[in-house]
Amino acid sequence: MLSVLSYPSCKINNNPIRQNALQSFTGSDISDLLAKGDKALNENKYSEALNAYEQANKLNPDENIVYKKLGKTQFHMKDYASSEKNYEIYLQKSPEDIDAWIELGETQRQAGFYQKALKSFEKAYSLDSSNDLANRSILETKNNILSIY
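This structure is a prediction, so every number in the text was calculated from the model and none was measured.

**Looking at the environment of Lys 45**
Then step 1. Note on placement: Lys 45 falls in the loop between α2 (30–42) and α3 (46–59).
Then step 2. Put simply, Lys 45 and Met 77 are 32 residues apart on the chain and 9.9 Å apart in space, counted from C-alpha to C-alpha.

What follows is the structure in structure tokens.
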């Protein structure tokens, strides 16, 4: 039996359908994958969460929130390089997300990149100077930097 997915140039009403749109017809919906990933992340099942988020990203790489969720999961898995990369991708389209700036900064700090972390925390603080976590993170990172010198 041939699947619709085997025809990447399939058309409906003479309009081409993208591959990820076809996959949604198979019952593999991105919102289901995100919910599955969120549940696994909340249960500290990081490999399961990562798998779900990676599948969601393959279905729709334009869904920006997936990058933030990947970053958070990879942070918990101590894969700081991948985490930083995904937060940066997310923040290109959502630069006003204070929490993401703080999470990026914490990722950078854990990786030992204190100057980069300081810039991320300062960006969060510049978006909301009443954010106590951003302020405390700036002070802690400055202490980290001072302890090196």
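**A few points about the environment of Ala 56**
Then step 1. With respect to the element layout, Ala 56 can be found in helix α3.
Then step 2. Each C-alpha atom of the pair Ala 56 and Ser 31 lies 8.1 Å from the other, and the pair is 25 residues apart in sequence.
Then step 3. When near neighbours in sequence (up to four residues on either side) are disregarded, Ala 56 contacts Ile 30, Leu 33, Leu 34 and Val 66.

**A look at unusual backbone geometry**
With the exception of glycine, most residues fall at negative phi, and the peptide bonds are largely trans.
Then step 1. A positive phi angle is found at Asn 44, which is not glycine, with a value near 60°.
Then step 2. Along the polypeptide, Asn 44 turns up in the loop between α2 and α3.
Then step 3. The class of Asn 44 is exposed, set by a relative accessible area of 52%.
Then step 4. Unlike most non-glycine residues, Lys 78 shows phi in positive territory, near 65°.
Then step 5. As for its position among the elements, Lys 78 is in the loop between α4 (65–76) and α5 (80–93).

**Remarks on the environment of Ile 98**
Then step 1. In this fold, Ile 98 is placed in helix α6 (residues 98–110).
Then step 2. What makes Ile 98 buried here is its relative accessible area of 17%.
Then step 3. Taking the C-alpha atoms as reference points, Ile 98 and Lys 123, 25 residues apart in sequence, are found 8.0 Å from one another.
Then step 4. If near-sequence neighbours (up to four positions away) are discounted, Ile 98 is found in contact with Ala 124, Leu 127, Asp 128 and Asn 131.

**Focus on the confidence of the model for the protein**
Then step 1. Within the protein, residue pLDDT values average 86, and 81% of them lie at 70 or more.
Then step 2. Scored below 50 in pLDDT, residues 1–27 shows 24 contacts in the model against residues more than four places distant or in partner chains.

**Topic: the packing of helix α7 (residues 114–127) against helix α8 (residues 132–148)**
Then step 1. Between α7 and α8, whose axes approach to 9 Å, the crossing angle comes to 160°. One way to sum up the angle between α7 and α8 is to call them roughly antiparallel. Crossing of α7 against α8: the hand is left-handed. Residues Tyr 114, Gln 115, Ala 117, Leu 118, Phe 121, Glu 122, Ala 124 and Tyr 125 of α7 lie in contact with α8, whose contacting residues are Ala 134, Asn 135, Ser 137, Ile 138, Thr 141, Lys 142, Asn 144, Ile 145 and Ile 148.
Then step 2. Of the residues in the contact of α7 with α8, the class split is 10 nonpolar, 5 polar and 2 charged.

Criteria and cut-off values
- Residues numbered from 1 in each chain as written.
- Predicted model: local features only at pLDDT ≥ 70, side-chain atom pairs only at ≥ 80, totals over all residues.
- Heavy atoms only, no water.
- Helix = DSSP H or I, 4+ residues; strand = E, 2+ residues; numbered from the N terminus.
- Contact = heavy atoms within 4.5 Å.
- Buried < 20%, exposed > 50% of the residue type's maximum accessible area, 1.4 Å probe, protein only.
- pLDDT = per-residue confidence, 0-100.
- Axes fitted to C-alpha atoms, helices over the stretch in contact; angles between N-to-C directions.
- Parallel < 35°, antiparallel > 145°, perpendicular 65-115°, else oblique.
- Left-handed = near helix turned anticlockwise from the far one by under 90°.
- Nonpolar A, V, L, I, M, F, W, Y, C, P; charged D, E, K, R; others polar.

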